[in-house]
Amino acid sequence: MHIIARPKLIQFYQQEGNSDAKAPIDAWWHEVKKAKWQSWTEIKAQYGSASILKNNRIVFNLGGNKYRLIVKINFLAQTVYIRFIGNHKEYDKINAEEV
């Protein structure tokens, strides 16, 4: 998969208080770069705790569920677009299906 907007992820874990997000974000990044997902079923098989939302979005729980990562996926183009990264408090303030 091609992942768009890695700088958004790096910026997040470089912020004060988020340094513990680096390892799980980097692990997710490397796993997804190698993936060749063709369906939501394949994602759920790899990430059982992921939540599938409307508008081609999926929520990944990272860092022991401390952080939430929302992406938009285009299977045909094999592209993952980073839409949001944050903790639960920040996640609760957004509409995950519209970011």
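This text follows the structure it describes.
None of these values were measured; they are calculated from a predicted model.

Caption draft 1: Region of the structure containing the overall build of the chain. In terms of helices and strands, the chain carries four helices and five strands. Along its sequence from the N terminus, the chain presents helices and strands in the succession β-α-α-α-β-β-β-β-α. With the C-alpha coordinates aligned to their principal axes, the bounding extent of the chain is approximately 35 × 25 × 20 Å. Put simply, the chain has 99 residues, and 39% of those count as buried. Restricting to contacts in the chain with at least 6 residues of sequence separation, those with at least 24 account for 43%. Counting every atom, the chain has about 5,600 Å² of accessible surface; 50% of that belongs to carbon and sulfur. Taking the 15 positively charged and 9 negatively charged side chains of the chain as two groups, their mean positions are separated by 4 Å.

Caption draft 2: Spotlight on the side chain of T79. You can see T79 is positioned in strand 5 (residues 79-87). From its side chain, T79 meets the backbone oxygen of A77 in a polar contact 3.0 Å long.

Caption draft 3: Structural view of the environment of F60. Mapping F60 onto the fold places it in strand 3 (residues 57-62). Given the relative accessible area of 1%, F60 is considered buried.

Caption draft 4: Here's a closer look at helix 2 (residues 22-34). Taking 1.5 Å per residue, 13 residues should reach 18 Å; helix 2 reaches 19 Å between its end C-alpha atoms and fits that length. For helix 2, the complete set of buried residues consists of I25, D26, W28, W29 and V32. Down the axis of helix 2, the sector holding all buried residues measures 160°, keeping them to one side. Away from the buried face of helix 2 by more than 90 degrees, exposed residues A23 and K34 are located. The secondary structure elements touched by the buried residues of helix 2 are strand 1 (2-4), helix 1 (6-14), strand 3, strand 4 (67-74) and strand 5.

About the cut-offs
- Residues numbered from 1 in each chain as written.
- Predicted model: local features only at pLDDT ≥ 70, side-chain atom pairs only at ≥ 80, totals over all residues.
- Heavy atoms only, no water.
- Helix = DSSP H or I, 4+ residues; strand = E, 2+ residues; numbered from the N terminus.
- Buried < 20%, exposed > 50% of the residue type's maximum accessible area, 1.4 Å probe, protein only.
- Contact = heavy atoms within 4.5 Å.
- Areas by Shrake-Rupley, 256 points an atom, 1.4 Å probe, with all protein chains shown as cover.
- Lys, Arg positive; Asp, Glu negative; His and termini not counted.
- Charge placed at Lys NZ, Arg CZ, Asp CG, Glu CD.
- Polar contact = N/O pair within 3.5 Å; in protein donor to acceptor, adjacent residues only side chain to side chain.
- Expected span 1.5 Å × (residues − 1).
- Arc of directions from axis to C-beta.

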